[in-house]
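Observations on the model geometry
Here's the letter readout for the chains.
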Amino acid sequence: MGDIAVEILLGISFGLLVGVLPAIALGVLHATVAYVADRALPASVVASLALALVAVSGYYADVLALETGMVARNAVVFVVGVLLSVFAASQGERLARTLPRNVGVAVRPERTLSEDAIDAVDGLGQVTVRPAGRVRDLEGHPPLSPTLRTQIADDSWRLPADLPLSALASRLEATLITQYGLEAASVEMDPRGRATIAAAPPSNTISSRLEADHRAVSVRVVAPTELAPGDTVVVHTGDESVDGTVLAVGSDFDDTARERADDGGEIRITVDVPTESAGALLSADRARIVAVSDGTTSAFEAFRALSQAGASVRKVLVGEGTQLDDDSNVLAVETPDGDWRFTPERGTLEPGLTAFVTGTTGGDALRRFGGSRQGGDGS
C-alpha cells in the first residue's frame, strides 16, 4: 500500500514537471487561434494534443517507464500533465476574448481654419472663401472659357467656419459644380480660407446634344424674328426641304449677331438635321428657313404644309387694277367693316383692303400682286 502511495506522489510531481511545456504550448496555440479566427478549438482536439505533448515531454524527460511496477506512476503523470495542459488552453482562450480588437492607429485631428480666418467669421458662423490665384484647368478635361474662368476667380462663397479644411473643400466643389454647371471641380483649402480651384467646363456641347444619326450644320439665312435655340424649323434649299432643330443662333454668339436675329436679319444659324440631309445643306450657297409649330395648332400646321409644298403666304395690300393669275390664290380678304372673308371670289378684291395670298415659292406672282406688301412670309 505504501508503494502505491509513493508512486502516486511521484506521478504527481513528474506530471507537474513534464506538463509545464505542453501547457505553455497549448495555452499560446489556443489563445492565437481564438484571437485570430475568433473561434475555440474543440475539446477533443485540445485533449488529444495535450496527451500527445505530455507523452513526448515525459519520454524525453525520462520519467515514463514501461515497467510493470510503474503503471500507477505513469497514469498519474498523464492525468496531471493533460489536466494542466487543458487548463492552460482554457486560460489562453479566455485571454484572447479579453484582448481588444480592431485597434486603430490614433488619427491626427484634421486641420481647421487659422485664427486669422476665424476672426472674420460672421454672426451666423460662416466665413468668406475666395479663390487663391488663377483658376486652373482640370487635367484630362477641356480648358475653361476665359469668361467662365474670370467669373469663378471673381466669385466668393460663405461656408461654415467650424468645418475641417477637407470638408470645406468638398463643400465648395459641390457648390461650384451646381452653381456653374461644371463637369468636375477640385479644390484645395488653406488655413486662411483661400481656395485653389481647378475646374472642367460644362459638357453641354453641341456634340453631346446630337443623336447618333444626326449632324449639326451651319447655314446663312434670313431668320424669322426672335428665332431661338430649340425652335423647330424647315430649311429650304432649292428643290429640297429639311426638317431640323435650331441649336445656336449667330455665328459668334455675340450681341451683334443676336440683334440681327431679333431684327429678322441675315445671320448664320446651326441646325440639328438627319445625317442623310446634311450634305444638301452644306452644298447650298443660300437657304431659306421657316419656323414651324412644335404643337398641333392648325394654323401653323397649314402654313407648314404649304411651305413643304413649295408655296409662300404673304399679307398684302390690294392695289388698283389687281389681277390674279394661275400661280396665286387669295386665302382671305378683309371686309370694309373690319371682318375677314375666306376664299373670296376673284372679282371681290377692292383696292385698299388687306389680303392673305399664297403663291409658288420663288415665282413672280406674289411680287406682281398688290400695290404694296405689308408683311413678310406668313409662314
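Residues numbered from 1 in each chain as written. Predicted model: local features only at pLDDT ≥ 70, side-chain atom pairs only at ≥ 80, totals over all residues. Heavy atoms only, no water.

Per an unreviewed UniProt entry, the recorded name for the protein chain is TrkA, K+ transport system, NAD-binding component, and the organism is Halapricum desulfuricans.

**A look at the sheet that holds strand β6 (residues 214-222)**
With antiparallel pairing, five strands are arranged side by side in an open sheet as β6-β9-β8-β7-β10. Looking at the sheet topology across the chains shown, the edges are occupied by β6 and β10 (288-291). For this sheet, the mean inter-axis angle between neighbouring strands, taken without regard to orientation, is 45°. Relative to strand β8 (residues 240-249), strand β7 (residues 232-237) runs antiparallel, the two being bridged by six bridges. Each residue of the ladder has a partner; that of Val235, found in β8, is Val242. (Pairing = 2+ DSSP bridges. Helix = DSSP H or I, 4+ residues; strand = E, 2+ residues; numbered from the N terminus. Axes fitted to C-alpha atoms, helices over the stretch in contact; angles between N-to-C directions.)

**Observations regarding the environment of Arg94**
Position of Arg94 among the secondary structure elements: in helix α3 (residues 71-98). Among the residues examined, Arg94 registers a relative accessible area of 59% and is labelled exposed. As a C-alpha pair, Arg94 and Ala40 span 54 residues in sequence and 9.8 Å in three-dimensional space. (Buried < 20%, exposed > 50% of the residue type's maximum accessible area, 1.4 Å probe, protein only.)

**Things to note about the nonpolar core**
Membership of the largest hydrophobic core comes to 24 residues, with the highest contact counts inside it found for Ile152, Leu172, Leu176, Leu182, Val187, Met189 and Ile197. Put simply, the parts of the chain that give this core at least two residues each are β1 (126-131), α5 (146-153), β3 (157-160), α6 (165-180), β4 (184-189) and β5 (194-200). Here this core takes six residues from α6, the largest share from any one element. In contact with Ile152, not counting residues within four places along its chain, are Pro131, Val135, Trp157, Leu176, Tyr180, Leu182 and Ile197. Ranked by size, the runner-up nonpolar core spans 18 residues in total, among them Leu227, Val273, Leu281 and Ile289. (Core = buried A, V, L, I, M, F, W, Y, C linked by side-chain atoms within 4.5 Å. Contact = heavy atoms within 4.5 Å.)

**A look at the pairing of β8**
Hairpin connection between β7 and β8: a loop of two residues separates the two successive antiparallel strands, and Gly238 in this loop has a positive phi of roughly 70°. By the bridge criterion, four bridges tie β8 to strand β9 (residues 266-274) in an arrangement that is antiparallel. From the neighbouring strand, Ala248 faces β9, where its bridge partner is Thr270.

**What about the UniProt feature "transmembrane region" (unreviewed entry) in the protein chain?**
Under the UniProt annotation, the feature "transmembrane region" (unreviewed entry) is placed at residues 6-29, 41-60 and 72-89. Within residues 6-29, the helical portion is 100% and the strand portion 0%, while the C-alpha atoms at the span's ends are 34 Å from each other. Measuring from the first to the last C-alpha atom of residues 72-89 gives 26 Å, for a span that is 100% helix and 0% strand. (UniProt positions renumbered as here; feature names shortened; annotations may be inferred.)

**A short note on α5**
Of the positions making up α5, those classed as buried are Leu148, Arg149 and Ile152. Summarising the axial view, the buried residues of α5 lie within an arc of 100°, below the 170-degree limit, and thus occupy one face. Structural note: α5 exposes Pro146 and Thr147 on the side pointing more than 90 degrees away from its buried face. Where α5 is buried, its residues contact β1, β2 (136-137), β3, α6 and β5. (Arc of directions from axis to C-beta.)

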